[in-house]
Amino acid sequence: MADSIQSWRHVFKLDPDKELDDKALDAVCMSGTDAIMVGGSSGITYENTVDLLSRVRRYEVPCVLEVSDLEAVVPGFDLYMIPMVLNTKDRDWILGQHQRAIEQFGYMIPWDSLVTEGYIVLNGDSTVAKLTGADASLSASSAVSYAQIADKLMHLPIVYVEYSGTFGDMELVQKIHRSTERSRVLYGGGIVDKSTALQAAAVCDTIVVGNIIYRDLAKALETVAVKLKV
Ligand SMILES: CC(C)=CCC/C(C)=C/CC/C(C)=C/CC/C(C)=C/CC/C(C)=C/CC/C(C)=C/CC/C(C)=C/COP(=O)(O)OP(=O)(O)O
Ligand SMILES: O=P(O)(O)OC[C@@H](O)CO
Ligand SMILES: [Mg+2]
């Protein structure tokens with residue numbers, strides 16, 4: 001299953017802390033997206049995560065958990081995406097919580113279902129930047145070098161360029177994409193329609209669409225059009 005990320009072009013990220021009625025969830029799950037990623041940076045609990053998993057499970061689309069809180073690690077997902085924030089000085093968000101999680105879950109961990117994401121957080125105003133103390137004011141060459149650490153030194157399967165809440169610098173995303181070989185480059189942040197989706201999809205491997213689902217569902221569904229382009 002972990003290999004299936006190699007074919008993803010489009011992912012919807014659903015936040016367990018936000019309301020989505022059954023009709024909207026049906027449209028999202030039947031949209032043709034490659035996967036539903038469940039995650040968020042605040043208000044994530046075991047209960048709201050189980051609830052969302054059980055609703056998405058009515059559909060065939062793969063459902064993966066992006067782990068952001070130790071208390072909300074729920075069994076039953078197809079994959080577990082494990083973020084490590086590369087551009088923070090706070091080791092807790094790089095490997096501290098990870099060490100505690102591994103100690104806690106021990107033999108229960110389905111290792112083949114874990115996929116590590118090297119996060120580069122680039123919107124300083126986002127919740128995730130504030131939460132993790134990420135240094136979002138990086139130069140392009142610093143951002144690229146973080147991506148190369150993930151790709152060439154750590155051999156991480158994913159480099160996640162995270163602009164949550166705002167549309168990022170596509171030139172920089174392209175530089176990151178060109179400077180990496182093995183890691184799949186995921187881009188997320190401010191994709192709000194077909195046009196922004198196509199721009200982002202042109203410079204990365206996989207786009208991640210989040211907040212617009214809750215603001216304008218029709219626009220969010222337009223973004224799946226990137227799957228029609230090679
Ligand atoms: C029995 C069984 C199935 C066990 C499961 C095994 C398993 C998965 C064990 C855990 C292994 C492990 C190593 C876990 C890591 C634990 C952990 C909590 C690590 C910290 C992760 C981390 C760095 C979190 C920081 C926040 C972050 C990067 C979140 C990702 C999601 C994100 C950025 C969402 C965007 O937030 P959003 O709410 O959309 O923001 P806006 O408000 O700006 O929109
Ligand atoms: O919510 P948006 O801005 O679409 O960002 C998507 C995702 O990268 C958030 O982690
Ligand atoms: Mg969000």
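Residues numbered from 1 in each chain as written. Chains lettered and ligands numbered in written order. Predicted model: local features only at pLDDT ≥ 70, side-chain atom pairs only at ≥ 80, totals over all residues. Heavy atoms only, no water.

**Considerations on the overall build of the protein chain**
Applied cut-off: Secondary structure follows DSSP: runs of H or I at least 4 residues long count as helices, runs of E at least 2 residues long count as strands, and numbering of each begins at the N terminus. As a reference, a globule follows 2.2 Å times the number of residues to the power 0.38, and the radius of gyration itself is taken over C-alpha atoms. Only protein chains enter the calculation, and the probe is 1.4 Å; a residue is then buried if its accessible area is under 20% of its type maximum, exposed if over 50%, and partly exposed in between. When checking whether two residues touch, look at their non-hydrogen atoms; a contact exists if any pair is within 4.5 Å. Per-residue and other accessible areas follow the Shrake-Rupley method at a 1.4 Å probe size, with only the shown protein chains counted as cover for residues. When charges are counted, Lys and Arg contribute as positive and Asp and Glu as negative, whereas His and the chain ends are disregarded. Each charge is placed at NZ for Lys, CZ for Arg, CG for Asp and CD for Glu.
Scanning the protein chain from terminus to terminus reveals 9 helices and 8 strands. The C-alpha radius of gyration computed for the protein chain amounts to 16 Å, which stays within 12% of the reference 17 Å derived for 230 residues, consistent with globular compactness. Considered along the principal axes of its C-alpha atoms, the protein chain spans approximately 45 × 45 × 30 Å. For the protein chain, the residues scored as buried account for 50% of the 230 residues in total. Across the protein chain, every contact between residues at least 6 apart in sequence was considered, and the portion connecting residues at least 24 apart equals 70%. A total accessible area of about 10,900 Å² is found for the protein chain, and carbon and sulfur atoms account for 52% of it. The centroid of the 21 positive side-chain charges in the protein chain is displaced by 6 Å from the centroid of its 31 negative side-chain charges.

**Observations regarding helix α3 (residues 96-105)**
Within α3, burial applies to Gly96, Gln97, His98 and Ala101. Each element contacted by the buried residues of α3 is listed here: β4 (79-85). Phi turns positive one or two residues past the end of α3, at Gly106, with a value near 45°.

**Examining the pattern of salt bridges**
To be explicit about the condition: A pair is scored as a salt bridge if a Lys or Arg side-chain nitrogen falls within 4 Å of a carboxyl oxygen belonging to Asp or Glu.
The final tally for this structure, using the stated rule, is 8 salt bridges. Asp34 serves as the salt-bridge partner of Lys227, at 2.5 Å between the closest nitrogen and oxygen. Placement of Lys227 in the segment after α9 (217-222) and of Asp34 in the loop between α1 (22-29) and β2 (35-38) is noted, with a sequence separation of 193 residues between them. Among the residues examined, Lys227 registers a relative accessible area of 33% and is labelled partly exposed. A salt bridge links Lys152 to Asp151; the shortest N-O distance between them is 3.4 Å.

**A word on helix α7 (residues 194-201)**
Quick reminder of the rule: Here the arc refers to the directions that run from the helix axis out to each C-beta atom. N or O atoms within 3.5 Å of each other form a polar contact, as long as, within protein, one can give a hydrogen and the other can take it, and as long as residues adjacent in sequence are counted only when both atoms are side-chain atoms.
Where α7 is concerned, the buried positions are Thr196, Ala197, Ala200 and Ala201. Looking straight down α7, one finds its buried side chains confined to an arc of 130°; they lie on one side. Next to the buried residues of α7 lie α6 (170-179), β7 (184-188) and β8 (206-209). Capping the start of α7, Asp193 holds a side-chain oxygen 3.3 Å from the backbone nitrogen of Ser195, two or three residues further along.

**Some remarks on the pairing of strand β1 (residues 10-14)**
Note on strand geometry: in a regular strand, side chains alternate between the two faces of the sheet. Put simply, the test is: Strand pairing requires that DSSP identify at least two bridges connecting the strands. Consider the strands pointing away from the viewer: the crossover is right-handed when the path from the first strand over the helix to the second runs clockwise.
Of all 5 residues in β1, 5 are buried; the element is thus mostly enclosed. Residues His10, Phe12 and Leu14 of β1 are buried on one face, and the alternating residues Val11 and Lys13, pointing to the opposite face, are buried as well. Here β1 runs beside β8; their pairing, made up of 3 bridges, is parallel. What sits directly across from Val11, in β8, is Val208. Two strands pair when backbone bridges link them, and β1 and β2 are joined in this way by 4 bridges, in the parallel orientation. For Lys13, the partnering residue across the bridge sits in β2 and is Met37. In this region the chain leaves β1, passes through α1 and returns to the parallel neighbour β2; the handedness of that crossover is right-handed.

**With respect to the packing of helix α5 (residues 140-153) against α6**
To keep things clear, this is the line we draw: With axes taken as lines fitted to C-alpha atoms, and helix axes fitted only over the stretch in contact, angles between N-to-C directions fall between 0 and 180 degrees. Each crossing is labelled by how the near helix is turned from the far one, with a counterclockwise turn of less than a right angle marking it left-handed and a clockwise turn marking it right-handed. Residues were grouped as follows: Ala, Val, Leu, Ile, Met, Phe, Trp, Tyr, Cys and Pro as nonpolar; Asp, Glu, Lys and Arg as charged; and all remaining residues, including Gly, as polar.
The N-to-C vectors of α5 and α6 enclose an angle of 35°; their axes lie 9 Å apart at closest approach. Two packed elements cross with a definite hand, and for α5 against α6 that hand is right-handed. Two secondary-structure elements touch here, α5 through Ala140, Ala143, Val144, Ala147, Gln148, Asp151 and Lys152 and α6 through Leu172, Lys175, Ile176 and Ser179. Looking at side-chain class alone, the contact of α5 with α6 contains 6 nonpolar, 2 polar and 3 charged residues.

**Some remarks on the packing of aromatic side chains**
Spelled out, the test is: Side-chain rings of Phe, Tyr and Trp (the six-membered ring for Trp) are treated as a pair once their centres are within 6.5 Å; stacked means planes under 30 degrees apart, edge-to-face means over 60, and tilted covers the remaining angles.
The full count for this structure, using the stated rule, is 4 aromatic pairs. Ring centres of Phe77 and Tyr80 lie 6.0 Å apart, and the angle between their planes is 70°; on these two criteria the pair is classed as edge-to-face. With respect to class, Phe77 is no different from Tyr80; both count as buried. Ring geometry for Tyr163 versus Tyr187: centroids 6.0 Å apart, planes at 45°, classification tilted. On the criterion of sequence distance, the pair formed by Tyr163 in the loop between β6 (158-162) and α6 and Tyr187 in strand β7 is long-range, its members being 24 residues apart. In this structure, Tyr163 and Tyr187 share a single accessibility class: buried. In this structure an aromatic cluster arises from ring pairing among Tyr163, Phe167 and Tyr187.

Nothing here speaks to function; it is geometry throughout.
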